[in-house]
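Observations on chain architecture
Residue strings, one per chain:
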Amino acid sequence: MSHYADLAIYAGLAALLIAQWWISRELSRRAGRRWRGWKRASARGAIYLFGGAVVVCYLFSCLPLPVSLAGLSGPVRTVLGGAALGYAASAAVAVCVCLAVRAVRKHLDAETDAGRRRALNVAGALVVASPLAVLGYGALVERTDFRVREIDVPLAGLPADLEGLRLLQLSDIHLSPFLSERELARAIDAAIELRPHLAVVTGDLITATGDPLDACIRQLARLKADAGVFGCMGNHERFARVENYAARAAAAVGIPFLRGRARQLRFGKSVLNLAGVDYQAFPDKRDYLRGAERLIVPGACNVLLSHNPDVFPAAAAQGWNLQLSGHTHGGQVTVEIFDQAIAPTRFFTPYVYGLFRSGASAAYVTRGIGTLGIPVRIGAPPEIAVLRLRKA
């Protein structure tokens, strides 16, 4: 996935450069018509300075080298990157809409009455502003619209005493400038009311170095489940270099993070074997879950926690009954067309959101709680997942 992520970064940068070049050109032309002398020079300088600042912020959000050279902290990088990405997305859409509106105007008869032209101008301005309105809704409303989703998961050969077992899954919390502890506490409150038999956290507690990891663990410690709360590491624990600290801090409050380990949990006469692996990222997918087959317990229901859902083919081949993952945020920004969810994440992985099957194995990929890049969710509200095990 890293190769595709690099392509996405450079594609986003290209789109930003093109959109910003067009916007800067248009504003510069208007400044030239309106002002002369030092006023025109100052206006044009400010326009191009703003464009350059946006590009620099975008690079800070995506590339580690400029950030390390600038000495910026993780939260500052998150805010700068979010602002740049949000602007880039809205600017690119606004430019496309503006060009479409101009094309419509050119086809109008020059004799069209003034009233209709004014109405078209107003409509065009509203359409151009619509991306900002959509982003505002995604940031202020849908980003914290925490929803509980309960889903039945049929599994072949499920032991009798595991029938109806309820697993709570939280993932991709990303406690950072884009999700406050107070907002996370609301999600935890909702999760506590569900009274699951088992609770799991599938990675990405924070976004970057300097984010409030201890506060996140403090909130997770409030979770209650009959068989306990367990977790696995995400890629952002690795990026922030806090995997070992996170494991120790979580263990101190009774939340074991399973790092290449398994725990056998007994329910009546049946056993659920819960295992976890650290974030899997390899150029060759044949290296996924190498050695994880040793954690499988014959006769038990074997459940694997893996932040990266792309390991599912390997998990199914090894014989895992169920895999629980996150990582994709359910696309975070999706558009539904003809009952098909369209999201940029689909360019990177087929496992964006929901329940997947391969032979006798199943995998569930949750939308998670937080956001990454821009503090916006559109068409993919944050999710508290409850999975009920059923015998197929």
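Here, the structure is the one placed above.
Residues numbered from 1 in each chain as written. Predicted model: local features only at pLDDT ≥ 70, side-chain atom pairs only at ≥ 80, totals over all residues. Heavy atoms only, no water.

**Quick look at the pattern of salt bridges**
What counts is decided by this rule: Salt bridge criterion: a side-chain nitrogen from Lys or Arg within 4 Å of a carboxyl oxygen from Asp or Glu. We count a stretch as a helix when DSSP gives it H or I for four or more residues in a row; a strand needs E for two or more, and each element gets its number in order from the N terminus. Each residue is assigned to one of three classes by its accessible area relative to the maximum for its type, calculated with a 1.4 Å probe on protein chains only: buried under 20%, partly exposed between the two thresholds, exposed over 50%.
On inspection of all chains with the given rule, the structure shows 16 salt bridges. Note that Glu183 and Arg143 form a salt bridge whose closest N and O atoms lie 3.1 Å from each other. Of the two residues, Glu183 is situated in helix 6 (residues 181–192) and Arg143 in the loop between helix 5 (114–140) and strand 1 (147–155); the sequence distance between them amounts to 40 residues. Assigned by exposure class, Glu183 and Arg143 land together as buried. Asp189 is the partner of Arg222 in a salt bridge, and the nearest nitrogen-oxygen pair spans 2.2 Å. You can see Arg222 sitting in the loop between helix 7 (213–220) and strand 4 (229–232) and its partner Asp189 sitting in helix 6, a full 33 residues away along the chain. Taking the relative accessible area as the measure of exposure, Asp189 reaches 35% and is therefore partly exposed.

**Topic: the pairing of strand 6 (residues 270–276)**
Put simply, the rule reads: Strands are treated as partners if at least two bridges between them are detected by DSSP.
Counting buried positions along strand 6 gives seven out of seven residues, so the element sits mostly inside the fold. The alternating pattern of strand 6 places Ser270, Leu272, Leu274 and Gly276 on one face and Val271, Asn273 and Ala275 on the opposite face, and all of these are buried. Note: strand 5 (residues 261–267) against strand 6, seven bridges, orientation antiparallel. When the sheet's bridge partners are listed, Gln264 is paired in strand 6 with Asn273. Relative to strand 7 (residues 301–305), strand 6 runs parallel, the two being bridged by five bridges. Residue Gly276 lies in a different strand from strand 7, and its bridge partner there is Leu305.

**A look at the sheet that holds strand 6**
Filter applied, for reference: Lines fitted to the C-alpha atoms define the axes, with helices restricted to the stretch that makes contact. Angles between their N-to-C directions range from 0 to 180 degrees.
The strand order across the open sheet formed by six strands is 5-6-7-8-12-11, and the pairing between neighbours is mixed. The sheet is open, and its two borders are formed by strand 5 and strand 11 (354–358), each paired with just one other strand. The mean angle between the axes of side-by-side strands here comes to 20°, regardless of whether they run parallel or antiparallel. Relative to strand 8 (residues 322–325), strand 7 runs parallel, the two being bridged by three bridges. Of the residues in strand 8, the one forming a bridge with Leu304 is Gln323.

**Some details on the environment of Arg44**
Formally: Should any heavy atoms of two residues lie within 4.5 Å, those residues are counted as being in contact.
If you trace the backbone, Arg44 turns up in helix 2 (residues 37–62). Spatially, the C-alpha atoms of Arg44 and Leu27 are 7.9 Å apart, while their sequence positions differ by 17 residues. Filtering out sequence-adjacent residues up to four positions away, Arg44 remains in contact with Ser28 and Gly32.

**Remarks on unusual backbone geometry**
With the exception of glycine, most residues fall at negative phi, and the peptide bonds are largely trans. Positive phi values are uncommon outside glycine, yet His174 reaches one of about 50°. Assignment of secondary structure puts His174 in the loop between strand 2 (166–170) and helix 6.

**Notes on the packing of aromatic side chains**
Using the following cut-off: Note on ring pairs: Phe, Tyr and Trp rings are taken, using the six-membered ring of Trp, and paired if centres are within 6.5 Å. Classes follow the plane angle, with under 30 degrees stacked, over 60 edge-to-face and the rest tilted.
For the coordinates displayed, the defined rule picks out three aromatic pairs. Between Phe312 and Tyr351 the ring centres are 5.9 Å apart and the planes differ by 90°, which places this aromatic pair in the edge-to-face class. Of this pair, Phe312 sits in helix 10 (residues 312–318) while Tyr351 sits in the loop between strand 10 (340–342) and strand 11, placing them 39 residues apart in sequence. Each member of the pair Phe312 and Tyr351 is classed as buried. Where Tyr353 meets Tyr364, the ring centres are 6.4 Å apart and the plane angle is 65°; that geometry is what we call edge-to-face. Of this pair, Tyr353 sits in the loop between strand 10 and strand 11 while Tyr364 sits in strand 12 (residues 361–365), placing them 11 residues apart in sequence. We classify Tyr364 as buried; its relative accessible area is 0%.

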